[in-house]
Amino acid sequence: DEFRVYAREMVEKEIEKHAADGLGKVDYALASGGARVVKHSEPFITKSGSGDVFSWLTNRNAVSNNADKILTPSFGEPGQCFPLKGDSGFVQIRLRTAIIPEAVTLEHVAKSVAYDRSSAPKNGRISGWLHKEKGTDLAADSEKMFLLTEFIYDLDKSNAQTFDVLQSAGSNVVDTIRFDFTSNHGQPHTCIYRLRVHGREPNSLVMQS
Amino acid sequence: DEFRVYAREMVEKEIEKHAADGLGKVDYALASGGARVVKHSEPFITKSGSGDVFSWLTNRNAVSNNADKILTPSFGEPGQCFPLKGDSGFVQIRLRTAIIPEAVTLEHVAKSVAYDRSSAPKNGRISGWLHKEKGTDLAADSEKMFLLTEFIYDLDKSNAQTFDVLQSAGSNVVDTIRFDFTSNHGQPHTCIYRLRVHGREPNSLVMQS
Amino acid sequence: DEFRVYAREMVEKEIEKHAADGLGKVDYALASGGARVVKHSEPFITKSGSGDVFSWLTNRNAVSNNADKILTPSFGEPGQCFPLKGDSGFVQIRLRTAIIPEAVTLEHVAKSVAYDRSSAPKNGRISGWLHKEKGTDLAADSEKMFLLTEFIYDLDKSNAQTFDVLQSAGSNVVDTIRFDFTSNHGQPHTCIYRLRVHGREPNSLVMQS
Ligand SMILES: [K+]
Ligand SMILES: [K+]
Ligand SMILES: [K+]
């Protein structure tokens, strides 16, 4: 009886976590929450999964219409990613709001349903900074960039891998994240399924000061 | 061994329920099943989650294009809701077909992934009636309206909360539901993630009589 | 303690399988993976679930825009299917790539959330062949068609039913699948929610020879 109660409660909790975006952690890089991709390296142009030529329409900031796939759940579907040229590149994301970042999750398609996972990023680093809307340009921004963490995406681990932000990053507030990958698992292009950014919102009193 | 069999069967059943729209209950207010929003109070106009200004295009009945979010699964994503102005308002839904209503489920985003849940409805009531296509207007309709249930949406309970229809509603057949909320959990606007209406279809012989 | 470890590992594995498209099997007929419907029998024209008249626009091969619903997850939603006229008909699918087929999965909406399941296919057969891009026409193609399996979709079993490919199909490579249904469970039209095709890619050295 004790075991049955334990088993039932554990199952309910695990399914609840699964239903809550898989991790049950707030994601400040979610498109439906207001985050967006503001810059990225050259996209890999291909025929889309649905058989049409990808419409590589870009907005005035030269951001591909497909870039937001990175900020959207994949629901276990291979192909629901944003492909970039080469085995190195980057994506820059404006978060929903300014936060003190605590961790970043990189997700690729699950092994059991993947055709091939050699397009997954392997080594890389994640940086962050606070973007000032006016009186600055992107070059100026990048001067204030600091390292959040370096990572290795391991194909033998769970498909959603969470990397904690380094102690050295302190309690700095950021609203922009840059994801650089410097190698991948073997393909001439790299597919990014999803990036999530976890953390906490600074106290509003602190914000007003 | 007995315990293992118990645990395995329980897990399979719980995952099956989760896969079956979370509740495993037929929903007569589902958009993909043919239900639609026919009327609502003033929408809250905002920038959308994906960074564009919401296209508050409305059809000839002045129903917002975003209203059907209420009749669509949210899949654990914050932002997949229909925002209305103020802390009180209403939504009116034409069901897929006429039913004897038994319960209504109100769903908000799960606590573990929410940025803020103070836009959730708090107190309200749900009414229903049978719409006559011809020879009536909406005013006339509302005269035949009867109360299905009153509710309090409690932020400390599960994010999908089911409210049983009152005995006093009897076995009345309805094809239209009105959801009124009279307070929310603190925001100047109110977000509705999803409404489901459960019940049974009246016997077809009865219908033809 | 031993039981707790068993229960926890079993739950994690089952949820992982659920998250991996429900079955944890690679699907070569997935739209986001590059598969597409190339031909089908006459569609059932109806009002759509969302209340608009279906836009039965067809591409130059007379394939309905709604046909790809068959190659897309339904996420437990009734109505996310492709409806065909009558109680018999067919759908022809070009796979993502050429494979040695091992099994086919036919999925209908789950019993617990369905309004009515009498539009489900009942008896049928699945055939396959290797399409040659040039110098052939569809008639020629069909001459090389061979039987993969016959099936009965049983409403009393799980909603996703997997049928193994017959031994007689050998290790033939196919890139095109034809799904014929010869009866359904009672409706004047037949709804197909999803078809998946499982198998293995032939060794690339073999491919080049
Ligand atoms: K994605
Ligand atoms: K929704
Ligand atoms: K589908």
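Residues numbered from 1 in each chain as written. Chains lettered and ligands numbered in written order. Predicted model: local features only at pLDDT ≥ 70, side-chain atom pairs only at ≥ 80, totals over all residues. Heavy atoms only, no water.

### Brief notes about the interface of chain C and chain B
Then, in step 1: On the chain B side, the residues contacting the 22 residues of chain C number 27 residues.
Then, in step 2: Here chain C packs against chain B, burying approximately 2200 Å² in sum over the two surfaces, 63% of which is carbon and sulfur.
Then, in step 3: Contact with chain B buries area across many residues of chain C, yet Y6(C), H18(C) and Y115(C) alone supply 30% of it, more than any other trio.
Then, in step 4: The closest approach of N and O atoms between E14(C) and R8(B), which form a salt bridge, is 3.4 Å.
Then, in step 5: The interface formed by chain C and chain B holds seven residue pairs in polar contact (both at pLDDT 80 or more) in total. (Contact = heavy atoms within 4.5 Å. Buried area = accessible area lost by both parts, 1.4 Å probe. Salt bridge = Lys/Arg side-chain N within 4 Å of Asp/Glu carboxyl O. Polar contact = N/O pair within 3.5 Å; in protein donor to acceptor, adjacent residues only side chain to side chain.)

### Focus on the relation of the copies chain C and chain B
Then, in step 1: Rotating chain C by 120° and translating it 0.0 Å along the rotation axis places it on chain B, where the RMSD comes to 0.0 Å. These values place the two chain copies in the arrangement generated by a three-fold rotation axis. (Least-squares fit on C-alpha atoms with pLDDT ≥ 70 in both.)

### Topic: the confidence of the model for chain A
Residues and elements named next belong to chain A.
Then, in step 1: Per-chain confidence: chain A averages 88 in pLDDT, with 85% of residues scoring 70 or above.
Then, in step 2: The model gives residues 49-56 a pLDDT under 50, and that stretch makes 22 contacts with residues more than four places away or in other chains.
Then, in step 3: The model gives residues 205-209 a pLDDT under 50, and that stretch makes one contact with residues more than four places away or in other chains.
Then, in step 4: Reported confidences for the modelled complex are a pTM of 0.89 and an ipTM of 0.88. (pLDDT = per-residue confidence, 0-100.)

### Topic: the interface of chain C and chain A
Then, in step 1: Between chain C and chain A, the contact holds 26 residues from the first and 21 residues from the second.
Then, in step 2: Summed over both sides, the interface of chain C with chain A buries roughly 2100 Å², with 63% coming from carbon and sulfur.
Then, in step 3: When the buried surface of chain C facing chain A is broken down by residue, R4(C), R8(C) and S32(C) rank first, second and third, together holding 27% of it.
Then, in step 4: At the boundary of chain C and chain A, one finds two salt bridges.
Then, in step 5: Joining chain C to chain A, the criterion identifies seven residue pairs in polar contact (both at pLDDT 80 or more).
Then, in step 6: Ranked by residues supplied to the side of chain C that touches chain A, first place goes to helix 1 (residues 2-19) of chain C with eight residues.
Then, in step 7: Here the side of chain C that touches chain A is built from residues that sort into 13 nonpolar, five polar and eight charged. (Helix = DSSP H or I, 4+ residues; strand = E, 2+ residues; numbered from the N terminus. Nonpolar A, V, L, I, M, F, W, Y, C, P; charged D, E, K, R; others polar.)

### Observations concerning the packing of helix 1 (residues 2-19) of chain A against helix 1 (residues 2-19) of chain B
Then, in step 1: The geometry of helix 1 of chain A relative to helix 1 of chain B is characterised by a closest axis approach of 10 Å and an angle of 30° between their N-to-C directions. Overall, the two elements helix 1 of chain A and helix 1 of chain B adopt an arrangement that is roughly parallel. As helix 1 of chain A runs across helix 1 of chain B, the sense of the crossing is right-handed. Every residue of helix 1 of chain B that contacts helix 1 of chain A at F3(A), R4(A), A7(A), R8(A), V11(A), E12(A), I15(A), H18(A) and A19(A) is listed here: E2(B), F3(B), Y6(B), M10(B), V11(B), E14(B), I15(B) and H18(B).
Then, in step 2: Partitioning the contact of helix 1 of chain A with helix 1 of chain B into residue classes produces 10 nonpolar, two polar and five charged. (Axes fitted to C-alpha atoms, helices over the stretch in contact; angles between N-to-C directions. Parallel < 35°, antiparallel > 145°, perpendicular 65-115°, else oblique. Left-handed = near helix turned anticlockwise from the far one by under 90°.)

### What to know about the coordination of the potassium ion (ligand 2)
Residue and element names in this part refer to chain B.
Then, in step 1: Within the protein, the atoms that donate to the potassium ion (ligand 2) are K69 (O), T72 (O), S74 (OG), Q80 (O) and Y193 (O), at distances of 2.6 to 2.9 Å.
Then, in step 2: In the primary structure, the donors to the potassium ion (ligand 2) are separated according to the pattern K-x2-T-x1-S-x5-Q-x112-Y.
Then, in step 3: We classify T72 as partly exposed; its relative accessible area is 29%. (Donors = N, O, S within 2.8 Å, 3.2 Å for Na, K, Ca; no water. Buried < 20%, exposed > 50% of the residue type's maximum accessible area, 1.4 Å probe, protein only.)

### As for the coordination of the potassium ion (ligand 3)
All names here are of chain C.
Then, in step 1: Around the potassium ion (ligand 3), the donor atoms from the protein are K69 (O), T72 (O), S74 (OG), Q80 (O) and Y193 (O), and they sit 2.6 to 2.9 Å away.
Then, in step 2: Expressed as a motif, the donor residue spacing for the potassium ion (ligand 3) is K-x2-T-x1-S-x5-Q-x112-Y. Here S74 is found in the loop between strand 1 (36-40) and strand 2 (82-85), whereas its partner Y193 is found in the loop between strand 8 (189-192) and strand 9 (194-200), with 119 residues between them in sequence. Both residues of the pair, S74 and Y193, count as buried.

### Observations regarding a nonpolar patch on the surface
Then, in step 1: On the surface, F75(A), F75(B) and F75(C) cluster together into a nonpolar patch covering about 230 Å² of accessible area.
Then, in step 2: Within the secondary structure, F75(B) sits in the loop between strand 1 (36-40) and strand 2 (82-85).
Then, in step 3: We classify F75(B) as partly exposed; its relative accessible area is 32%. (Patch = residues over 30% accessible without salt bridge, like charges linked within 9 Å, V, L, I, M, F, W, Y side chains within 5 Å. Areas by Shrake-Rupley, 256 points an atom, 1.4 Å probe, with all protein chains shown as cover.)

### Let's talk about the pattern of salt bridges
Residues and elements named next belong to chain A.
Then, in step 1: Taken as a whole and judged by the stated rule, the model has 30 salt bridges over all chains.
Then, in step 2: Residue D180 pairs with R178 through a salt bridge whose shortest N-O separation is 2.9 Å. For the residue pair D180 and R178, the accessibility class agrees, reading buried in each case.
Then, in step 3: Salt bridges here are not isolated pairs; linked through shared partners, they connect D21, D27, E107, R194 and R196.

### Describing the pairing of strand 8 of chain C
Residue and element names in this part refer to chain C.
Then, in step 1: Neither face of strand 8 is open: one carries H189 and C191, the other T190 and I192, and all of them are buried.
Then, in step 2: Where strand 2 and strand 8 come together, four bridges link them in antiparallel fashion. The residue bridging F82 from the neighbouring strand is I192, located in strand 8. (Pairing = 2+ DSSP bridges.)

### A closer look at the side chain of S64(A)
Then, in step 1: You can see S64(A) is positioned in the loop between strand 1 (36-40) and strand 2 (82-85).
Then, in step 2: At 3.0 Å, the side chain of S64(A) and the backbone nitrogen of N66(A) are in polar contact.

### Notes on the side chain of E77(A)
Then, in step 1: When you line up the elements, E77(A) lands in the loop between strand 1 and strand 2.
Then, in step 2: One buried charged residue, E77(A), remains without a salt bridge, the closest side chain of opposite sign being R194(C) at 6.4 Å.
Then, in step 3: In contact with E77(A), other than residues within four places in its own chain, are V109(A), Y193(A), L30(C), S32(C) and P73(C). (Lys, Arg positive; Asp, Glu negative; His and termini not counted.)

### A word on the environment of V197(A)
All names here are of chain A.
Then, in step 1: The topology assignment puts V197 in strand 9 (residues 194-200).
Then, in step 2: When its relative accessible area of 2% is taken as the criterion, V197 is described as buried.
Then, in step 3: Linking V197 and F146, residues 51 residues apart in sequence, is a C-alpha distance of 15 Å.

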